[in-house]
Amino acid sequence: MLKIESLSKTFHANTANEVRALQNVNLILENGSFTAIIGTNGSGKSTLLNAVAGTFEPDTGSIHLENHDITHWPEYKRASLIGRVFQNPFAGTVAEMTIMENIVIAMKRGQRRSLHIAVTKTFRGEVADRVRTLKMGLEDRLDNPIGTLSGGQRQALTLLMAAWTRPKILLLDEHTAALDPKSAAKVAELTKIIIEQEKLTALMVTHSMQQAVDLPDRIIMMHRGNIVEDYHHEQKQRVRVPDLMSTFDRVQKRELFDESVAGMLEEQYI
Amino acid sequence: MSLVIGAFTMGLILSLLSLGMLISFRMIKFTDITVDGSITLGASISAVFIVQGYSPWLAALFSFAAGSLAGMITGLLHTRFKIQEILSGILVMTALYSINLRIMGRSNIPLLDVKTVSTGTENILEKMVGGASRINILGWQVPTGDLAVFITCSIIAIFIAIILSCFLLTHYGTALRAAGQNPQMVRAQGVNNNTMVVFSLALANGLVALSGSLLAQYQGFADVQMGIGMMVWGLASIIIGEALVGRSSIGLTITGVILGTILFRLLIAIALRWGLNPNDLKMVTAFFVFAALVAPGWFRTLSKKFTGGLRYAKN
């Protein structure tokens, strides 16, 4: 279970570029749940994901994962509990190293890296079996450098690597956004399959409304560093893309209204 | 012949320097200038211990440890104190100049008529040939001493190459190689990137100092100036090795680096024989490295122009 309590983060505080990326965010993710975060650019959705991943320290608030208070854990230490897939297909793997070596690095996540030879025959069989489940024919190319694969294949492997050690939470940061439509659909399908098979808890940032409706069982909408909508259970069952779009409009209009009307009122009455 | 054996021996000794730099420059991608200081550190520590009568092997081990410490400091300056890579190296290198003078007590220590790492091999060889000072190999008369040094250095270089390639194939070594290529990825896989940088620099500079120790024993002196330009020599050797053998696997990369260093020393020996002024050596090497860094880009643009022309021809 992931528990985020009154989490705030301001970037470039006290400068002209001040960004209040997260404002007192509270969120609880149940075990085995798959949640999507949607929102406009700069709404704080990626910041929320990165706060869990540990790329920065929050100003206030706490993050608990299972029984650990990970608020002040460095990024590499959290990795023992967290699997991640990045937006950039090249970010999650090492291009110059082989598929096998990349997977071996992921297999040892959260464990001591010993002085035993990494790529052995026993590993090879296990890796080939799991890579076969991707149905991309990569099991025959385990000794090829990962740089020779397409973005979609690399992202599928990154996903497999992220889920390999059954992390307490899987973080997906717009992981299909940089792929062509066909690969994106394939990776999205794999995402659903892997999360269901391994019964993972997952948090996914996405720009695609369709993906948010299709894949997860909960949708959170963020705006200006706040969670403004939370579609859960039956609500989530009913929600369709047009509903999300209209909510987006409503949220944005409310903001326009707030600023202009407040300004007008101020002029007239104060 | 003694010229060739000399170049080979020198190449084998300096291949340890190149292997160290392979780890820092190529694997962890750290532009580490500590090298110029740590090779002298290795030489001066070994010189002092050998002159005091310690075993040359023990002296070499001390050199390795001291070099590792120097590399570790460079790494900590960069990771802990957030000083730029190059500046961290420059700071340690500059400090090492004074430290080396302190260790030696003067700017030069001669190592004549002392035990070196090759003394044992020389004794065995002399027993085998019955005390002759020269050995006939394929019609060449080779001094026994030179051959002993050559054999000893080959054994050391091969031993270290094997250990290093095995290490780089372990779980730890694999993570180390990944850390240089994609720090973001290894952090997400639970590896402390900073630890990897510090460890790599320690290992790299340990090997460089070991190379300095052997160099001092072979040359017969340790000098506070001997490290100047060593980094560029190592880089040139690595580039030649990559051009020669490629880097499709760890074993090949390491073999390539050793062969590259030997070839580089041979080229230098030939150039000097042809009358290259030794004073110009470092400038020529610097120019060579420049050319080797820039040439691939030129070739790429050239080939693009060529294939571009082909495309137009098809249309």
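From a predicted model like this one, the values you see are computed outputs, not experimental measurements.

Draft legend 1. Quick peek at the overall build of chain A. A tally of helices and strands in chain A yields nine helices and ten strands. The C-alpha radius of gyration of chain A comes to 20 Å, within 12% of the 18 Å expected for a compact globule of 270 residues. A principal-axis box enclosing the C-alpha atoms of chain A has dimensions of 80 × 40 × 35 Å. Taking contacts inside chain A between residues at least 6 apart in sequence as the whole, the part at least 24 apart equals 70%.

Draft legend 2. Local environment of the domain arrangement of chain A. Residue and element names in this part refer to chain A. One can read the domain layout of chain A as domain 1 (2-239) and domain 2 (240-270). If you average the C-alpha positions of domain 1 and of domain 2, the two centres end up 33 Å apart. Broken down by secondary-structure element, the contributors of at least two residues to the side of domain 1 that touches domain 2 are helix H7 (209-214), strand E9 (218-223) and strand E10 (226-231). The biggest single contributor to the side of domain 1 that touches domain 2 is H7, with four residues. Within the side of domain 1 that touches domain 2, the residues separate by chemical class into seven nonpolar, two polar and one charged.

Draft legend 3. Highlighting the sheet that holds strand E1 (residues 2-11) of chain A. All names here are of chain A. The strand order across the open sheet formed by four strands is E2-E1-E4-E5, and the pairing between neighbours is antiparallel. Of all strands in the sheet, those bounded by a partner on one side alone are strand E2 (19-29) and strand E5 (68-69). When E1 meets strand E4 (residues 60-65), the two strands line up antiparallel, connected through five bridges. In the strand pairing of E4, Glu 5 is matched with Ser 62.

Draft legend 4. Representation of helix H5 (residues 151-163) of chain A. Residues and elements named next belong to chain A. Taking 1.5 Å as the rise per residue, H5 with 13 residues should run 18 Å; its terminal C-alpha atoms sit 18 Å apart, in good agreement. Of all 13 residues in H5, twelve are buried, a share of seventy percent or more. Burial in H5 covers these residues: Gly 152, Gln 153, Arg 154, Gln 155, Ala 156, Leu 157, Thr 158, Leu 159, Leu 160, Met 161, Ala 162 and Ala 163. Buried residues in H5 make contact with strand E6 (82-85), helix H3 (99-107), helix H4 (121-132), strand E7 (169-173) and helix H6 (181-198).

Draft legend 5. Summary view of the interface of chain B and chain A. Residue-level contacts link 18 residues of chain B with 25 residues of chain A. Of all elements in the fold, only helix H7 (171-181) and helix H8 (183-188) of chain B reach the threshold of two or more residues within the side of chain B that touches chain A. Broken down by element, the side of chain B that touches chain A gets its largest block of residues, seven residues, from H7 of chain B. Within the side of chain B that touches chain A, the residues separate by chemical class into seven nonpolar, nine polar and two charged.

Draft legend 6. Representation of the sheet that holds strand E8 (residues 202-205) of chain A in the model. All names here are of chain A. One open sheet holds the six strands; their spatial order is E6-E7-E8-E3-E9-E10, and the pairing between them is mixed. Each edge of the open sheet carries a strand with a single partner, namely E6 and E10. In this sheet, neighbouring strand axes are inclined to one another by 20 degrees on average, regardless of whether the strands run parallel or antiparallel. Pairing of strand E3 (residues 34-39) with E9 involves five bridges; the strand directions are parallel. By the bridge assignment, Ile 37 is partnered in E9 with Ile 220.

What counts, and at which threshold
- Residues numbered from 1 in each chain as written.
- Chains lettered and ligands numbered in written order.
- Predicted model: local features only at pLDDT ≥ 70, side-chain atom pairs only at ≥ 80, totals over all residues.
- Helix = DSSP H or I, 4+ residues; strand = E, 2+ residues; numbered from the N terminus.
- Rg over C-alpha atoms; globule rule 2.2 N^0.38 Å.
- Contact = placed C-beta atoms within 7 Å.
- Domains from an automatic or database assignment.
- Nonpolar A, V, L, I, M, F, W, Y, C, P; charged D, E, K, R; others polar.
- Pairing = 2+ DSSP bridges.
- Expected span 1.5 Å × (residues − 1).
- Buried ≥ 20, exposed ≤ 12 C-beta atoms within 10 Å, placed from the backbone.
- Axes fitted to C-alpha atoms, helices over the stretch in contact; angles between N-to-C directions.

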